[in-house]
Amino acid sequence: MTTDSRENLLRDMVRIRRVEETLAELYPSGEMRTPTHFSIGQEAVAVGVCGALRRDDVVYSGHRCHAHYLAKGGDLRGMVAELYGRETGCARGRGGSVHLNDPAAGVIASSAILGQTMAVAVGTALAFTMDGRDHVAVTFFGDGTVEEGIFHETLNFAVMRRVPVLFVCENNGFSTHTRLDVRQPASVSIHARAASYGMPARLVDGNDVFAVHAAAREAVAHARGGAGPFFLECTTYRWREHVGPQWDYDKGYRTKAEVDAWIARCPIRHASERLLSEGVCTPSQIAAMGRASQIEVDEAVAAARAASFPAVEDLTLGTV
Amino acid sequence: MRRLTYGQAISEATVQCMEADPSIFVAGIGVDDFKGIFGTTAEAFRRFGPARVFDIPNGENAMTGIAIGAAAVGKRPLVVHPRNDFMFLCMDQLFNLAAKWRYMFGDRGGVPIVFRGIVGRGWGQGATHSQSLQALFAHFPGLSVGLPATPADAKGLLVSALQGSGPVVLLENRALYELEGEVPEGLEAVPFGQGKVVRAGTDITIVGISLMAYEAARAAEILLQHNVSAEVIDLRSVRPLDAAIIVRSLRKTGRLVVADTSWALCGVSAEVAAIAAEKAWPYLKAPVRRVTPPDCPAPVSRPLEDAFHPNPSTIAQACLDVLKAGTPLGAGVADVQATFAGPY
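Residues numbered from 1 in each chain as written. Chains lettered and ligands numbered in written order. Predicted model: local features only at pLDDT ≥ 70, side-chain atom pairs only at ≥ 80, totals over all residues.

A few points about the overall build of chain A
Right, so step 1: For chain A, the count of helices and strands is 11 helices and 8 strands.
Right, so step 2: Relative to the globule expectation of 20 Å for 320 residues, the C-alpha radius of gyration of chain A, 19 Å, shows essentially globular dimensions.
Right, so step 3: Projected onto the principal axes, the alpha-carbon positions of chain A cover approximately 55 × 50 × 45 Å.
Right, so step 4: The proportion of buried residues among the 320 residues of chain A is 52%.
Right, so step 5: Taking the contacts inside chain A whose residues are at least 6 apart along the sequence as the reference set, 75% of them involve residues at least 24 apart. (Helix = DSSP H or I, 4+ residues; strand = E, 2+ residues; numbered from the N terminus. Rg over C-alpha atoms; globule rule 2.2 N^0.38 Å. Buried ≥ 20, exposed ≤ 12 C-beta atoms within 10 Å, placed from the backbone. Contact = placed C-beta atoms within 7 Å.)

What follows is the structure, encoded as structure tokens:
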């Protein structure tokens with residue numbers, strides 16, 4: 001991997017973090033009236049995977065979709081305007097935070113019902129195969145989706161048809177506020193269950209962007225080469241509350257010590273230290289990444305706030 | 001015009017549309033087997049092979065999502081459910097994603113998918129294989145829902161669906177499959193949202209859908225013996241629903257009987273009655289009557305099953321009750337599935 005692309009992985013994570021922290025700060029003012037699931041702390045999975053994709057590959061996501069959208073190249077202004085409910089939003093103010101899409105960038109859809117876009121990604125991958133195109137489809141989902149019936153239906157179908165799809169499970173240990181160990185048998189890991197369907201499945205440190213990227217490159221090459229689906233389980237952790245911008249370690253379902261331990265394993269800090277120690281980046285270069293991203297997100301917020309709301313006369317447009 | 005059965009008309013529409021549009025593929029349980037979904041997919045499989053007509057694993061919800069994902073990048077999936085009752089398993093993808101796709105992703109285009117669901121009837125197919133789910137599908141914005149009652153409409157609505165820009169559910173009543181009728185040879189689309197006056201009349205309007213449009217026409221024949229001239233309307237689709245054709249007819253007849261293959265409560269018959277109340281109130285000379293299955297699941301035992309489904313006699317009796325209360329109908333006609341013994 002080139003120095004330049006490793007730097008880009010860090011830059012993309014810094015950018016996503018700046019965007020989300022800015023939006024989290026602004027959220028309490030009440031202008032963004034859309035339940036928002038921040039990806040803060042989980043950026044390495046999105047960036048590592050999307051860094052292994054081509055522009056014409058496609059991704060699908062779930063309710064926690066900001067990082068995937070941005071990492072794949074989704075338009076920042078379209079996303080921010082969507083959160084502000086504006087006509088200039090990526091879904092024209094009809095979708096909100098959990099339904100981000102930017103087909104031009106290969107972000108086909110995100111949706112808030114668990115597992116939906118697993119199957120949809122497989123359908124897109126099937127279409128790629130039928131048309132003889134060498135694109136790959138990726139679907140991001142959480143550990144909660146593993147409990148849904150569609151998870152199993154989808155893995156079964158993907159293996160039977162050998163479609164070029166990459167399943168990326170972001171295992172952050174919680175479904176809303178419920179821990180994994182009370183929802184799924186601890187004796188069989190998620191990636192082992194996926195492997196039991198007959199596809200390669202790997203466990204990856206989801207807070208190590210370079211490890212995610214290396215695994216994703218292997219997975220994408222496998223899928224693009226016609227060898228069928230590939231599954232990555234990436235362990236990571238959500239810092240903020242399930243939905244909304246606040247910290248919630250005082251709510252009883254997890255401790256501050258646990259959150260702090262994961263913050264100490266911050267994917268951005270990890271990547272920064274690595275690139276600094278290897279002399280790939282200087283501290284001032286990394287600081288500049290943050291400043292550039294801040295300018296970009298501030299401009300996106302200003303543009304969104306200046307944009308028009310959708311016209312009420314258009315309320316029912318787009319139903320058929 | 002040459003005649004085809006309802007099933008043959010579906011097969012012909014599928015083959016002709018697939019010839020015209022290489023993006024169409026057919027997927028479903030058993031679409032490529034020796035039965036070929038009552039013959040409706042067999043010819044398509046023979047012509048286009050497993051690349052475009054293929055069997056699938058069970059897993060209706062995933063298959064619906066898979067169809068959505070294929071449609072999102074330019075395909076036109078035709079998904080077949082040998083019984084519409086299995087479509088309960090795909091409601092999340094169907095309602096929460098396919099139907100909402102165009103709207104909630106900013107009107108960039110819909111997902112053109114056609115779902116065929118067959119409604120069982122007769123030979124004791126019972127509670128989970130002989131119910132008709134139009135009311136459920138019709139509730140959700142973003143879907144089109146058609147219920148063809150004739151071979152020509154079975155072809156025309158399928159053509160329309162396969163040429164459309166969004167998701168469509170077509171419900172086909174098994175009791176109609178052997179029905180013969182004239183069918184255009186070419187690719188003639190029947191638009192959604194346009195009902196049809198099956199038979200003109202002056203005394204009373206009978207609105208039916210699917211098998212009940214057919215049964216309403218048979219009821220109108222019986223009513224002639226009582227000097228009653230019934231106008232029969234086949235709605236053909238329930239979303240969109242042709243309110244204007246109902247209002248036009250009521251302006252003439254002032255009386256309405258609605259016949260549906262599914263239950264009354266929150267059903268399509270309730271919707272038609274609401275249209276009459278909201279848009280045709282000045283013309284109504286009598287209360288609206290509905291003829292629907294009783295409020296219980298479909299039974300198996302023959303006398304119970306015969307009593308469960310509305311038929312020409314119950315529809316005609318309802319009309320007489322509206323026009324000439326207390327008049328007994330007299331002899332009825334044979335049940336539409338009287339000789340049916342499969343295949344199911």
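There is more to say after this.
Comments concerning the packing of helix 5 (residues 116-130) of chain A against helix 6 (residues 149-161) of chain A
The relative placement of two packed helices comes down to the angle between their axes together with the axis-to-axis distance.
Residue and element names in this part refer to chain A.
Right, so step 1: Here helix 5 crosses helix 6 at 15°, and the two axes come no closer than 9 Å. Taken together, the axes of helix 5 and helix 6 lie roughly parallel to each other. At the point where helix 5 passes helix 6, the crossing takes the left-handed sense. Of helix 6, the residues touching helix 5 (which contributes Met-118, Ala-119, Val-122 and Leu-126) are Ile-150, Phe-151, Thr-154, Phe-157, Ala-158 and Arg-161. (Axes fitted to C-alpha atoms, helices over the stretch in contact; angles between N-to-C directions. Parallel < 35°, antiparallel > 145°, perpendicular 65-115°, else oblique. Left-handed = near helix turned anticlockwise from the far one by under 90°.)

Structural notes on the sheet that holds strand 1 (residues 58-61) of chain A
Residues and elements named next belong to chain A.
Right, so step 1: Spatial strand order, 2-1-3-4-8-7: 6 strands in an open sheet with parallel pairing. Two strands lie at the open edges of the sheet, namely strand 2 (107-110) and strand 7 (201-205), each paired on one side alone. Neighbouring strand axes in the sheet, compared pairwise and without regard to direction, differ in orientation by 20° on average.
Right, so step 2: By the bridge criterion, 3 bridges tie strand 1 to strand 3 (residues 137-142) in an arrangement that is parallel. Within strand 3, the residue paired with Val-58 across the bridge is Ala-137. (Pairing = 2+ DSSP bridges.)

Details of the sheet that holds strand 2 (residues 24-28) of chain B
Residues and elements named next belong to chain B.
Right, so step 1: If you walk across this open sheet you meet the 7 strands as 3-2-4-5-7-6-12, and the pairing is mixed. For this open sheet the edge positions go to strand 3 (53-54) and strand 12 (237-239), each flanked by a neighbour on one side alone.
Right, so step 2: This element, helix 3 (residues 60-71), spans strand 2 and strand 4 (76-81) of the sheet and lies at about 165° to strand 4.

Points about the domain arrangement of chain B
Residue and element names in this part refer to chain B.
Right, so step 1: Per the domain assignment, the segments making up chain B are domain 1 (3-182) and domain 2 (196-323).
Right, so step 2: Using C-alpha coordinates to define each centre, domain 1 is positioned 26 Å away from domain 2.
Right, so step 3: Residue-level contacts link 24 residues of domain 1 with 22 residues of domain 2.
Right, so step 4: Within the residue set of the side of domain 1 that touches domain 2, elements represented by two or more residues are helix 6 (134-138), strand 6 (144-146), helix 7 (151-163) and strand 7 (168-173).
Right, so step 5: Of the residues that constitute the side of domain 1 that touches domain 2, the class distribution is 13 nonpolar, 9 polar and 2 charged. (Domains from an automatic or database assignment. Nonpolar A, V, L, I, M, F, W, Y, C, P; charged D, E, K, R; others polar.)

Notes on the environment of A:Leu180
All names here are of chain A.
Right, so step 1: Residue placement: Leu-180 occurs in the loop between strand 6 (178-179) and helix 7 (190-195).
Right, so step 2: Given 17 C-beta atoms within a 10 Å radius, Leu-180 is considered partly exposed.
Right, so step 3: Residues Leu-180 and Gly-144 lie 36 residues apart in sequence; the distance between their C-alpha atoms is 7.9 Å.
Right, so step 4: Those residues in contact with Leu-180 that sit more than four places away from it in its chain are Asp-143 and Gly-173.

Quick word on helix 9 (residues 243-253) of chain B
Each α-helix turn comprises 3.6 residues. Residues three or four places apart therefore point the same way.
All names here are of chain B.
Right, so step 1: By the burial criterion, the buried members of helix 9 are Ile-245, Ile-246, Ser-249, Leu-250 and Thr-253. Each buried residue of helix 9 sits inside an arc of 130° when the element is viewed along its axis, so together they form one side.
Right, so step 2: Each element contacted by the buried residues of helix 9 is listed here: strand 10 (204-208), strand 11 (230-234), strand 13 (256-259) and helix 10 (268-279).
Right, so step 3: Following helix 9 by one or two positions, Gly-254 has its phi on the positive side, about 75°. (Arc of directions from axis to C-beta.)

Regarding the interface of chain A and chain B
Note on interface size: it is often stated as the accessible area lost on association of the parts.
Right, so step 1: Taken together, the 32 residues of chain A in the interface contact 29 residues of chain B.
Right, so step 2: Contributions of two or more residues to the side of chain A that touches chain B are made by strand 2, helix 5 and helix 6 of chain A.
Right, so step 3: Looking at the side of chain A that touches chain B element by element, the count peaks at 9 residues for helix 5 of chain A.
Right, so step 4: Its residues placed into classes, the side of chain A that touches chain B shows 17 nonpolar, 12 polar and 3 charged.

Quick word on the packing of helix 1 (residues 6-20) of chain B against helix 7 of chain B
Residue and element names in this part refer to chain B.
Right, so step 1: As a packed pair, helix 1 and helix 7 sit with axes 8 Å apart at the nearest point and diverge in direction by 25°. In terms of orientation, helix 1 lies roughly parallel with respect to helix 7. In this structure, helix 1 crosses over helix 7, and the sense of that crossing is right-handed. Along the contact surface, helix 1 presents Tyr-6, Ala-9, Ile-10, Glu-12, Ala-13, Thr-14 and Cys-17, while helix 7 presents Pro-151, Ala-152, Ala-154, Lys-155, Leu-158, Val-159 and Leu-162.
Right, so step 2: Across the contact of helix 1 with helix 7, the residue classes break down as 11 nonpolar, 1 polar and 2 charged.

Description of the environment of A:Val159
All names here are of chain A.
Right, so step 1: Mapped onto the elements of the fold, Val-159 is located in helix 6.
Right, so step 2: Note: C-alpha distance between Val-159 and Ala-227 (68 residues apart in sequence) is 9.7 Å.
Right, so step 3: Not counting the four nearest positions on each side in its chain, Val-159 is found in contact with Tyr-197, Gly-198, Met-199, Gly-228 and Pro-229.

Some points on the nonpolar core
Right, so step 1: Within the largest apolar cluster, 209 residues are counted, with the highest numbers of intra-cluster contacts made by A:Val122, A:Leu166, A:Leu232, B:Ile206 and B:Cys319.
Right, so step 2: Element by element, the count of residues in this core is highest for helix 8 (residues 211-224) of chain B, at 10 residues.
Right, so step 3: Each of domain 1 (3-182) and domain 2 (196-323) of chain B gives at least three residues to this core.
Right, so step 4: Setting aside residues no more than four positions away along its own chain, B:Cys319 makes contact with B:Ile204, B:Ile206, B:Ala219, B:Leu223, B:Val228, B:Ala230 and B:Val257. (Core = buried A, V, L, I, M, F, W, Y, C linked by C-beta atoms within 7 Å.)

A closer look at the pairing of strand 10 of chain B
All names here are of chain B.
Right, so step 1: Of all 5 residues in strand 10, 5 are buried; the element is thus mostly enclosed.
Right, so step 2: Burial along strand 10 is two-sided: Ile-204, Ile-206 and Gly-208 and Thr-205 and Val-207, pointing in opposite directions, are all buried.
Right, so step 3: Direction of pairing for strand 10 relative to strand 13: parallel, over a ladder of 4 bridges. Considered in strand 13, the bridge of Thr-205 is made with Leu-256.

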